[in-house]
Amino acid sequence: PPEGRLSNASEHPRDQPAYLIDPIAGARRFGDELLRAIEPVRQYVNAAEGLNETGLWNAADPYNLFTAELARILHREGLEHNAYNFPVGNPSGYAPKGATRAEYLEGLRAYWQHYWDGLRESDRLCLHEYGSPTMRANAGYWCLRYRDVWEGLPPDCRQPILITEAGIDGQLVGRDA
């Protein structure tokens, strides 16, 4: 395999909330399981991700602690960490309907600050982006959100962004895919 290879090797296990009850212990347990899963192909893997699409927006602080600890574990093993892998439109932040761009970005920063420690420890931020009928549709929520997220992050949290899922999905607007 070429140098600079990336692998997202963690679609397991499915009991994601259990990892966040005690986020440090959960990250250690998840890290052990992840490293065991990677071991047979370790020579081809230089990066891994943690939980995928948790949907646990009421658990932002534990998720942040989990992510920071998992990044430290992976770094000790010589692996880079791809953080968060948030589903489309999440976390969205808070802004009243009709908010100005400045109010919207402030709401985004207020919510995303709960994830900053994990970003500081990690090597990349992973997001999913979808649109329908085009990738520009619903820009800022379903798609192209990374631009707003980047603008709202403090400089020390601005890790490269990976779009780990993307596509045109009619289900976003109530149509068959």
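A.B. asks: Would you mind going over unusual backbone geometry in detail, with residue names and values included?
C.D. replies: For Tyr84, which is not glycine, the phi torsion reads 75 degrees and is therefore positive. Within the secondary structure, Tyr84 sits in strand S2 (residues 80–86). For Tyr84, a relative accessible area of 2% corresponds to the buried category. In this structure, Asn85 takes a positive phi of about 55 degrees despite not being glycine. Relative to the elements of secondary structure, Asn85 occurs in strand S2.

A.B. asks: I'd love a proper account of the packing of aromatic side chains, names of residues and values included.
C.D. replies: Two aromatic rings are characterised by how far apart their centres lie and by the angle between their planes. Tallied over the full model, the rule gives 13 aromatic pairs. Pairing Tyr63 with Tyr84 gives two aromatic rings, centres 5.2 Å apart and planes at 80 degrees, and the pair type is edge-to-face. You can see Tyr63 sitting in helix H3 (residues 60–76) and its partner Tyr84 sitting in strand S2, a full 21 residues away along the chain. You can call Tyr63 buried: its relative accessible area is 1%. A connected cluster of aromatic rings, assembled from ring pairs, spans Tyr19, Phe30, Tyr63, Phe66, Tyr84, Phe86, Tyr111, Trp112 and Tyr115.

A.B. asks: Tell me what's going on with the sheet that holds S2, and back it up with residues and numbers.
C.D. replies: In any sheet, the strands associate via hydrogen bonds between backbone groups, in a parallel or an antiparallel arrangement. The strand order S1-S2-S3-S4 describes an open sheet built from four strands, whose pairing is parallel. The open sheet has two free edges, formed respectively by strand S1 (47–49) and strand S4 (161–168), since each of these has just one partner strand. Between one strand and the next, the sheet's axes are offset by a mean angle of 25 degrees, whatever the strand orientation. Taken together, the seven bridges between strand S3 (residues 124–131) and S4 define a ladder with parallel strand orientation. By the bridge assignment for S4, Cys126 is matched with Leu162. Docked against the sheet, helix H6 (residues 145–152) engages S2, S3 and S4, running at close to 145 degrees with respect to S3.

A.B. asks: Explain the pattern of salt bridges to me, and be specific about the residues and the numbers.
C.D. replies: Here the structure, examined in full by the defined rule, presents eight salt bridges. A salt bridge links Glu69 to Arg28; the nearest nitrogen and oxygen atoms lie 3.1 Å apart. Of this pair, Glu69 sits in helix H3 while Arg28 is found in helix H2 (residues 23–38), placing the two residues 41 residues apart along the sequence. Here Glu69 falls in the buried class, since its relative accessible area comes to 6%. A relative accessible area of 46% means that Arg28 is categorised as partly exposed. In this structure, Arg124 and Glu80 form a salt bridge, with 2.3 Å as the shortest nitrogen-oxygen distance. One end of the pair, Arg124, is in strand S3; the other, Glu80, is in strand S2, and 44 residues separate them in sequence. Judged by its relative accessible area of 29%, Glu80 falls in the partly exposed class. Through salt bridges with shared partners, a single ionic network connects Arg28, Glu69, Arg72 and Glu121.

A.B. asks: Which residues make up the pairing of S2, and what are the values?
C.D. replies: In regular strands, side chains alternate between the two faces of the sheet. By the criterion of burial, S2 is predominantly enclosed, with six of the seven residues buried. The pairing of S1 with S2 spans three bridges and is classified as parallel. The residue of S2 that forms the bridge with Ala48 is His81. Strand direction decides the pairing type here: S2 and S3, joined by three bridges, are parallel. Residue pairing across strands places Asn82 opposite Arg124, the latter belonging to S3.

Basis of the calculations
- Residues numbered from 1 in each chain as written.
- Predicted model: local features only at pLDDT ≥ 70, side-chain atom pairs only at ≥ 80, totals over all residues.
- Heavy atoms only, no water.
- Helix = DSSP H or I, 4+ residues; strand = E, 2+ residues; numbered from the N terminus.
- Buried < 20%, exposed > 50% of the residue type's maximum accessible area, 1.4 Å probe, protein only.
- Phe/Tyr/Trp six-rings, centres within 6.5 Å; stacked < 30°, edge-to-face > 60°.
- Pairing = 2+ DSSP bridges.
- Axes fitted to C-alpha atoms, helices over the stretch in contact; angles between N-to-C directions.
- Contact = heavy atoms within 4.5 Å.
- Salt bridge = Lys/Arg side-chain N within 4 Å of Asp/Glu carboxyl O.

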